[in-house]
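Structure at a glance
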Amino acid sequence: MRNDQKKSLWSFNFSTMALVLIPVSIGINYVGKLFAQTLRLPLWLDSIGTILAGILAGPWVGAISGGINNVIYGLTISPVSFAYGITSVAIGITAGVMARMGFVKNMKRAVIMGVVIAVVSTIVSTPINIIFWGGQTGNIWGDALFGILRSANWPVWLASGLDELAVDLPDKIATTIIAYIIYKGLPKRITVLFEES
Amino acid sequence: MRSLSLYVKRNSLIHKIDPLTKIIYVFVSVISPFIMPTLMFAFSLTLINLLLLLLAKVIKRVIPIISFVFIIILTIFVIQGMFYGANQTKLFTIFNLSFYVEGILYAAKISVRAINVLLAFSLLILTTPPAEMIESLVRRGMPAKLGYIMHSVLQIIPMMSSNASIIMDAQRARGMETEGSLWVRIKAFIPLIGPLVMSSLVNTHERSIALEVRGFSAATKKTFLHQEEVPGGMKQLRVFFFLFLTAVLAWRLVL
Amino acid sequence: MKKITINNLSYKYLLAENKALNNISLEVAKGDFIGVIGPNKAGKSTLCKSLVGLIPHFYKGEFEGEILIDKLNTLNSSIAEISLKVGLVFQDPFNQISGAKLTVYDELAFGLENNGVEREEMIARIDKYLDLMDLNKVKDNNPFELSGGQMQRLAIASIMALKPDVFVLDEPTSQLDPQGTEEVFKAVSRLREENLTVILVSQKLNKLADYANKILFLNQGEIVAYDDTAAVFSRNDLEQMGMGAPIYTEIARELGLKNDKDQYPIRKSEIKEMLVAKYGKNIG
């Protein structure tokens with residue numbers, strides 16, 4: 001897609017395909033979460049779309065998908081979601097960068113990508129958890145771990161980080177694998193259209 | 001099919017205020033207790049938000065939005081009450097578990113602040129249709145394409161979730177097991193989400209074309225079908241909010 | 001007066017093995033109604049996409065030749081600029097809804113807002129095309145809740161509101177039920193009344209016989225025939241190339257009915273006239 005306007009750092013210049021992908025990816029996040037709830041899976045699975053957006057159209061589109069995802073959630077479903085917008089942005093960027101580095105070539109690499117996304121997500125979420133909830137995540141098992149570690153006098157940041165990682169690691173690996181499977185199933189004629197000009 | 005929104009139509013003073021003024025208010029109300037972290041300050045702002053919600057006649061609708069937070073708050077009181085780093089003064093002991101004043105106060109501060117955030121946002125989202133909020137920002141220089149994305153999300157989520165339940169029913173009718181062991185349920189996930197995701201991704205191609213041929217990437221300055229009504233005195237109100245924020249900052253720096 | 005000039009147009013999609021269009025040259029006069037026919041992979045959709053500038057601006061691929069709409073060269077203009085001269089409506093009615101608007105009325109404003117049309121003018125145009133496309137009753141509905149035929153008429157109205165001189169329709173009824181198809185063809189006849197230049201790709205040959213003054217027959221990216229409607233449908237090699245003819249042409253062929261230009265008639269009224277001329281008024 002050709003864009004005749006000059007590109008500046010702050011301009012909002014993405015291909016139309018990439019822009020249309022963003023609401024769809026946010027819809028996918030939502031549906032992922034919905035199915036996970038309906039099937040009573042012990043995972044969130046609410047960032048499949050953000051990761052797909054990163055894989056398909058690059059880190060910036062992934063970042064915007066993540067950011068807007070949480071803004072819209074915040075405005076329409078649950079205001080706390082605003083605070084975690086930065087985490088979603090980081091997930092989108094990581095997926096985009098790693099996909100460009102070749103981590104969607106095969107399943108083994110996709111799993112590695114899932115681990116990295118989980119770690120990034122934990123690093124970004126932990127300060128938010130500390131500022132907002134004093135370090136907890138709201139997940140029973142994670143918070144139980146947090147309680148035990150705090151009672152053993154572990155520092156807040158470490159206890160909170162492990163609390164978050166306990167939740168994030170299985171979730172983000174599963175999410176990345178699902179995104180990878182969907183990506184591999186897409187027709188090539190569609191995926192080429194997403195690539196940034 | 002409805003657009004995603006928590007907006008409640010009411011005839012109130014708060015409803016008449018324009019989106020931007022409300023957005024600025026929420027920003028100031030949410031950020032202030034983080035700048036000036038005292039329990040009393042957070043508590044006062046929370047009280048103001050409660051009064052405004054009452055004035056907007058939407059106070060009952062707040063309950064489902066914030067109810068989930070009480071479980072987290074309970075655990076915050078338990079964990080911080082026992083293990084907060086600065087704990088010194090014992091308050092009470094049950095079953096050999098000691099709770100401390102410092103931890104309880106810290107938990108109270110976090111909790112009130114969190115509730116304040118939720119109430120402030122509730123005030124905005126219960127009294128402002130999201131589409132108007134987005135358009136108001138686009139008028140003030142937010143990229144129109146960003147506005148498109150947000151408008152589109154509001155429609156796509158209810159649409160995809162209604163498709164999701166259709167798929168769910170169809171797959172169950174074809175004998176897919178969606179109950180049972182964890183492994184059975186995990187195996188059901190991909191066949192459920194796969195077709196929905198594929199078709200919506202493939203559809204982006206044609207939707208993009210449709211947007212392009214309707215001037216989506218036109219370099220022209222956009223116009224608006226709907227006119228925005230801003231009641232008198234809003235400019236002054238916005239200035240007041242910013243002055244308040246500056247005062248809070250100054251107060252923090254002085255202390 | 002010439003409206004569209006295509007010179008040596010060739011196009012190959014990215015990742016494709018063969019050219020979708022191969023060295024096409026043709027002219028369309030102002031006010032012409034061109035019916036485009038041809039089997040699968042004939043290049044019909046590619047031609048439509050080229051006329052509105054999606055090729056080469058949206059699709060990356062190998063583009064050769066040129067398309068002129070009046071004096072505007074599609075290669076040097078943006079899709080947005082071209083869209084004010086050439087409108088496009090395609091198969092899937094659902095995907096043509098912007099997805100950003102909550103009512104049919106607002107949906108019609110989408111393209112106008114993007115193109116910076118002044119508010120009063122916008123309202124005047126919306127009212128006009130709501131009326132023309134018979135959408136007044138549903139103007140406050142959510143666009144996604146319309147029937148297929150209504151959605152497609154909304155797509156046509158949205159494009160008409162941009163006031164293009166050329167209207168390209170790429171199989172606008174292929175995903176509609178018979179009622180929706182009928183509604184859309186009624187809408188298409190309004191386009192003709194508005195004196196637009198129309199390019200209509202359709203498998204509905206009977207309808208093309210009613211509307212089109214010329215037929216463009218494409219096959220494997222090349223022009224097989226481009227001539228007056230009756231002349232193209234009178235060809236004997238249509239079936240051989242996987243195409244039929246309108247039902248009345250087939251009947252006339254069976255009956256051996258030809259007009260003075262040595263062509264088979266294409267419409268019911270013509271057959272009737274010829275039979276009346278041959279056998280007198282008291283038949284049937």
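Treat the numbers as computed from the prediction; the structure is a model and nothing was measured.

About the criteria used
- Residues numbered from 1 in each chain as written.
- Chains lettered and ligands numbered in written order.
- Predicted model: local features only at pLDDT ≥ 70, side-chain atom pairs only at ≥ 80, totals over all residues.
- Buried ≥ 20, exposed ≤ 12 C-beta atoms within 10 Å, placed from the backbone.
- Helix = DSSP H or I, 4+ residues; strand = E, 2+ residues; numbered from the N terminus.
- Pairing = 2+ DSSP bridges.
- Right-handed = clockwise from strand over helix to strand, strands pointing away.
- Axes fitted to C-alpha atoms, helices over the stretch in contact; angles between N-to-C directions.
- Contact = placed C-beta atoms within 7 Å.
- Expected span 1.5 Å × (residues − 1).

1. Thoughts on the pairing of strand β8 (residues 197-201) of chain C
All names here are of chain C. Where burial is concerned, most of β8 is hidden: five out of the five residues are buried. Neither face of β8 is exposed, since T197, I199 and V201 on one face and V198 and L200 on the opposite face are all buried. Bridge count for strand β3 (residues 33-37) against β8 is four bridges, and the pairing is parallel. Residue pairing across strands places I34 opposite I199, the latter belonging to β8. In this sheet, β8 lies alongside strand β7 (residues 166-170) in parallel orientation, the contact comprising five bridges. For L169, the partnering residue across the bridge sits in β8 and is L200. Crossover handedness for the path β7 to helix α7 (residues 178-193) to β8: right-handed.

2. Examining the sheet that holds β7 of chain C
All names here are of chain C. Taken in spatial order, the six strands line up as β6-β7-β8-β3-β9-β10 in an open sheet, and their pairing is mixed. Taken across any chain shown, the strands that pair with only one partner, and hence form the sheet edges, are β6 (86-89) and β10 (222-228). Taken pair by pair, the neighbouring strands of this sheet meet at an average axis angle of 15°, ignoring direction. Pairing analysis gives six bridges linking strand β9 (residues 214-219) to β10, with the strands arranged antiparallel. The residue bridging F217 from the neighbouring strand is A225, located in β10. Here helix α1 (residues 44-51) sits on the sheet and contacts β3, β6, β7, β8 and β9; the angle it forms with β7, its principal contact strand, is near 150°. Across the face of the sheet, α7 comes into contact with β3, β7 and β8 while running at roughly 155° to β8.

3. Some remarks on helix α2 (residues 19-35) of chain B
Residues and elements named next belong to chain B. The end-to-end C-alpha distance of α2 is 24 Å, a good match for the 24 Å that 17 residues give at a rise of 1.5 Å each. Inspection of α2 places P19, K22, Y25, V26, V28, S29, V30, S32 and P33 among the buried residues, and these make up the whole buried set. Turning to α2, the residues buried within the fold contact α3 (39-55), α6 (101-127), α7 (130-139) and α10 (234-254).

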